[in-house]
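Residue-level structural notes
Here's the letter readout for the chains.
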Amino acid sequence: MSGGAARRYVAAALGRARARGPPPLWEPPPARHLRALGTGGAAAVSPLLLPPRRHLSSRNRPEGKVLETVGVFEAPKQHGKYETGQLFLHSVFGYRGIVLFPWQARLYDRDVASPVTEKSENVAGHGSKEVKGKTHTYYQVLIDARDCPHISQRSQTEAVTFLANHDDSRALYAIPGLDYVSHEDILPYSSTDQVPIQHELFERFLMYDQTKVPPFVARDTLCAWQEKNHPWLELSDVHRENTENIRVTVIPFYMGMREAQNSHVYWWRYCIRLENLDSEVVQLRERHWRIFSLSGTLETVRGRGVVGREPVLSKEQPAFQYSSHVSLQASSGHMWGTFRFERPDGSHFDVRIPPFSLESNKDEKTPPSGLHW
């Protein structure tokens, strides 16, 4: 089995556990057990995280393939943040990655009751309770290029986009293999490999230093890139809501303003993650968006699926993540809506998309520069 296929199994096993609710505090087996599982002191992925062999499906396991050793698992942090250079497996999508730097976001979870409830003045009219945000840590990460083909059906690997620096106000470009990961989705591990992640930016952003823990430290190019592109990379608000055991998480990002036909056009991208927290298989069929602009316009958008797909959420593959874009001729607005899902018996139900604000940076002075520093 290839390393990517192994991680597909990892994601499935972890996804089943997550669908049943928050797992207990995970503790790694003793170090001597880890050494016994791999070669040269490294732990193979599957014996630690996969279900017993009788549960594995042979149709997903090519004949003659073996599991790939990636490193030694470490205990996930219950307190504090992971450092730049921390290697990890994504607990939902199963890919290998490395932390570049953290973001401190405000998480607005509509399923967590606020101490004080009152009438909401949100134009979305999406419920009457006030939702108070709490601080939550996310990380900017690089995805190992070897794993991208195995996760592309469940998570876009070119989801972080920028506005291009030329006259075409609609031109976008993406940085492949760049992602945002929540703290609880990090499964940390260590490796003796000096280049453990395959990504074109790995050696441009990080360098090996065996005296450090973790032994990968930021180069000046990473610090400069982070500082210069901070307004376009910054993750500030996260919105979450659960309907009939389907959890929708939305993260909006401001991308910048461009001039088009003598008017200003403001752009945002938004990342959406759909998670099935139940064992019943469901399939996304339709989307229904309401987009309110500060200019006073209210637009309705309906369509089949999302980004050309109608993903199936099952116990084996419970999550799907994608990004899309919206533009307004005003500096702010709101979005909300519903996703329509279908059950195996043919019945349908609507899942709420939590309302979220589209806010611009009033003091922006320069356009996003992407990889140019």
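Below is a summary of the structure that appears in this document.

Rules and cut-offs
Residues numbered from 1 in each chain as written. Predicted model: local features only at pLDDT ≥ 70, side-chain atom pairs only at ≥ 80, totals over all residues. Heavy atoms only, no water. Helix = DSSP H or I, 4+ residues; strand = E, 2+ residues; numbered from the N terminus. Buried < 20%, exposed > 50% of the residue type's maximum accessible area, 1.4 Å probe, protein only. Contact = heavy atoms within 4.5 Å. Areas by Shrake-Rupley, 256 points an atom, 1.4 Å probe, with all protein chains shown as cover. Pairing = 2+ DSSP bridges. Phe/Tyr/Trp six-rings, centres within 6.5 Å; stacked < 30°, edge-to-face > 60°. Lys NZ or Arg CZ within 6 Å of the ring centre and 35° of its normal. Salt bridge = Lys/Arg side-chain N within 4 Å of Asp/Glu carboxyl O. Core = buried A, V, L, I, M, F, W, Y, C linked by side-chain atoms within 4.5 Å. Domains from an automatic or database assignment. 1 Å grid on protein atoms, 1.4 Å probe; cavity = no way out; pocket = protein on both sides within 12 Å on 5 of 7 lines; lining within 4 Å. Points joined across faces, edges and corners; volume = space filled by probe spheres on them. Nonpolar A, V, L, I, M, F, W, Y, C, P; charged D, E, K, R; others polar.

Thoughts on the overall build of the protein chain
Secondary structure assignment for the protein chain yields seven helices and 20 strands. When burial is assessed residue by residue, the protein chain has 50% of its 373 residues classed as buried. Restricting to contacts in the protein chain with at least 6 residues of sequence separation, those with at least 24 account for 70%. Element-wise, carbon and sulfur atoms account for 47% of the exposed surface of the protein chain, whose accessible area totals about 18,200 Å².

Section: the pairing of strand S4 (residues 96-109)
Along S4, 10 of the 14 residues are buried, which leaves the element largely enclosed by surrounding structure. Looking at chain direction, strand S3 (residues 87-90) and S4 are connected through three bridges and run antiparallel. Across the sheet, Leu89 pairs through a bridge with Arg96, a residue of S4. Here S3 folds back onto S4, and the loop between the two strands holds five residues, one of which, Gly94, carries a positive phi near 80 degrees. Two elements, S4 and strand S5 (residues 134-143), share 10 bridges in a ladder whose sense is antiparallel. Within the sheet, the bridge partner assigned to Leu107 lies in S5 and is Lys134. In terms of strand pairing, S4 meets strand S12 (residues 237-243) through four bridges, oriented parallel. Each residue of the ladder has a partner; that of Tyr108, found in S12, is His239.

Considering the packing of aromatic side chains
For the coordinates displayed, the defined rule picks out 17 aromatic pairs. Between Phe341 and Phe349, the aromatic rings sit 5.8 Å apart at their centres with planes inclined by 20 degrees, giving stacked as the arrangement. Both residues of the pair, Phe341 and Phe349, count as buried. Ring pairs connect the aromatic residues Trp232, Tyr254, Tyr266 and Trp268, which therefore count as one cluster. Directly above the ring of Phe253 sits Arg269, whose terminal nitrogen or CZ lies 4.4 Å from the centroid.

Thoughts on the side chain of Thr243
The residue Thr243 is located in strand S12 in this model. The class for Thr243 is buried, based on a relative accessible area of 7%. Leave out the neighbours within four places in its chain, and Thr243 touches Asp350, Val351 and Arg352.

Some thoughts on the pattern of salt bridges
Applying the stated rule across the entire model yields 16 salt bridges. The residue Glu241 makes a salt bridge to Arg110 at a minimum N-O spacing of 3.5 Å. Of the two residues, Glu241 sits in strand S12 while Arg110 sits in the loop between S4 and S5, which places them 131 residues apart along the sequence. With its nearest N and O atoms 2.6 Å apart, the salt bridge here joins Arg285 to Glu310. Of this pair, Arg285 sits in strand S15 (residues 282-293) while Glu310 sits in the loop between strand S16 (298-304) and strand S17 (312-313), and the two are 25 residues apart along the sequence. For Glu310, a relative accessible area of 24% corresponds to the partly exposed category. One salt-bridge network, in which partners are shared between bridges, spans Arg96, Asp144, Arg146 and Asp147.

With respect to the nonpolar core
Counting 61 residues, the largest nonpolar core has Leu233, Leu235, Ile272, Trp289, Phe339 and Phe341 as its most contacted members. Looking at which domains feed residues into this core, each of domain 1 (70-111 + 133-235) and domain 2 (243-366) gives three or more. Listed in part, the 14 residues of the second largest apolar core include Phe93, Ile151, Ile186 and Ala319.

Comments concerning empty space enclosed by the protein
According to the stated counting rule, one finds two cavities of 30 Å³ or more in the structure shown. Along its surface, the largest cavity is lined by Ala159, Val160, Leu178, Asp179, Tyr180, Ile251, Phe253, Arg269, Cys271, Gln321 and Ser323. Of all the elements in the fold, those that place two or more residues in the lining of the largest cavity are strand S8 (178-182), strand S13 (246-260), strand S14 (263-276) and strand S18 (319-328). Along the lines of polarity and charge, the residues of the lining of the largest cavity split into seven nonpolar, two polar and two charged. Counting contributing residues per domain, the lining of the largest cavity is built from domain 1 (70-111 + 133-235) and domain 2 (243-366), each supplying no fewer than three.

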